[in-house]
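# Per-entry structural report
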Amino acid sequence: MVDATPCRYDWLGIHEEMLRDRVRVNAYRDAILGNRWAFEGRTVLEVGCGTGILSMFAAQAGAAVVYAVDAEPSCVEMTRRVAEANGLGSIIRPVVGRVEAIDLPCKVDIIISEWMGYFLLYENMLE
């Protein structure tokens, strides 16, 4: 029987499991850092930031500003703390809300997202 309990992104264990997937994390890191030319001086939006790992890669690649958006307040707070602990707090600007409902102070140049999340089918993301 399939567990129908919704996936809760405010549970740290989910983020830990995703971050331990070195192949996945390194693929995102390599794609972003390997294309610094696309990020340097740009304004970036990370949709569904979770821990903010993609936001950090974008900041490391030279983004001027990264808006890290997540509907889950605890995820946004985690992103803020991690960004500050890594010296990226002045670049990464966490925002609480659904991307469809927020107003950013400017247009963005790049949108990044780990769109598959934690088990694409488990979350019913194909709907």
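Residues numbered from 1 in each chain as written. Predicted model: local features only at pLDDT ≥ 70, side-chain atom pairs only at ≥ 80, totals over all residues. Heavy atoms only, no water.

So, about the pattern of salt bridges. Inspection of every chain in the model, using the stated rule, returns five salt bridges. Here Asp 30 ties to Arg 29 by a salt bridge, and the two come within 2.8 Å at their closest N and O atoms. The class for Arg 29 is partly exposed, based on a relative accessible area of 30%. Glu 77 is the salt-bridge partner of Arg 81, the closest N and O atoms lying 3.0 Å from each other. Remark: Glu 77 and Arg 81 occur in helix H5 (residues 73-85); sequence separation between them is four residues, near one turn of the helix. We classify Glu 77 as partly exposed; its relative accessible area is 29%. Members of the salt-bridge network, linked through shared partners, are Glu 77, Arg 80, Arg 81 and Glu 84. (Salt bridge = Lys/Arg side-chain N within 4 Å of Asp/Glu carboxyl O. Buried < 20%, exposed > 50% of the residue type's maximum accessible area, 1.4 Å probe, protein only. Helix = DSSP H or I, 4+ residues; strand = E, 2+ residues; numbered from the N terminus.)

As summarised here, the arrangement of the four strands in space is E3-E2-E1-E4, forming an open sheet in which the pairing is parallel. Taken across any chain shown, the strands that pair with only one partner, and hence form the sheet edges, are strand E3 (92-96) and strand E4 (110-113). Averaged over all neighbouring strand pairs, the angle between strand axes comes to 25°, with direction disregarded. The strands touched by H5 are strand E2 (65-70) and E3; relative to E3, the strand with the most contacts, the crossing angle is about 170°. (Pairing = 2+ DSSP bridges. Axes fitted to C-alpha atoms, helices over the stretch in contact; angles between N-to-C directions. Contact = heavy atoms within 4.5 Å.)

Relative orientation of the contacting elements helix H2 (residues 22-33) and helix H4 (residues 53-60) amounts to 30°, with a least axis distance of 9 Å. Considered as vectors, H2 and H4 are oriented roughly parallel to each other. Considering the relative orientation of H2 and H4, their crossing is right-handed. Across from Val 25, Tyr 28, Arg 29, Ile 32 and Leu 33 in H2, the residues of H4 making contact are Leu 54, Phe 57, Ala 58 and Gln 60. (Parallel < 35°, antiparallel > 145°, perpendicular 65-115°, else oblique. Left-handed = near helix turned anticlockwise from the far one by under 90°.)

Another point: the pairing of E2. Consecutive side chains along a regular strand alternate between the two faces of the sheet. For E2, a buried count of six out of six residues is recorded, marking the element as mostly surrounded by other parts of the structure. What you see with E2 is no split at all: Val 65, Tyr 67 and Val 69 on one side and Val 66, Ala 68 and Asp 70 on the other are buried throughout. Examined bridge by bridge, strand E1 (residues 43-47) and E2 share five bridges and lie parallel to one another. Note that in E2 the partner of Val 47 across the bridge is Val 69. Of the crossover connections in this fold, the one passing from E1 over H4 to the parallel E2 is right-handed. (Right-handed = clockwise from strand over helix to strand, strands pointing away.)

Our next topic: the nonpolar core. Generally speaking, soluble globular proteins have nonpolar side chains that are buried together. Core analysis: the biggest nonpolar cluster contains 21 residues, and Phe 39, Val 44, Ile 92 and Ile 112 have the highest contact counts within it. Elements that contribute at least two residues to this core include exactly H2, helix H3 (36-39), H4, E2 and E4. Of all the elements, H4 adds the most residues to this core, at five residues. The residues touching Phe 39, leaving out its near neighbours within four places in the chain, are Ile 32, Val 44, Ala 58, Ala 61, Gly 62, Ala 63, Ile 110 and Ile 112. By size, the runner-up hydrophobic cluster in this structure holds six residues, among which are Leu 45, Val 65, Val 95 and Ile 102. (Core = buried A, V, L, I, M, F, W, Y, C linked by side-chain atoms within 4.5 Å.)

By secondary structure assignment, the location of Ala 58 is in helix H4. For Ala 58, a relative accessible area of 0% gives the class buried. In the structure, Ala 58 is positioned 26 residues away from Ile 32 in sequence and 6.4 Å away in space, judged by C-alpha atoms. In this structure Ala 58 touches Ile 32, Phe 39, Val 44, Ala 63, Val 66 and Ile 112, once residues within four positions along its chain are discounted.

That's the geometry; what it means functionally is another story.
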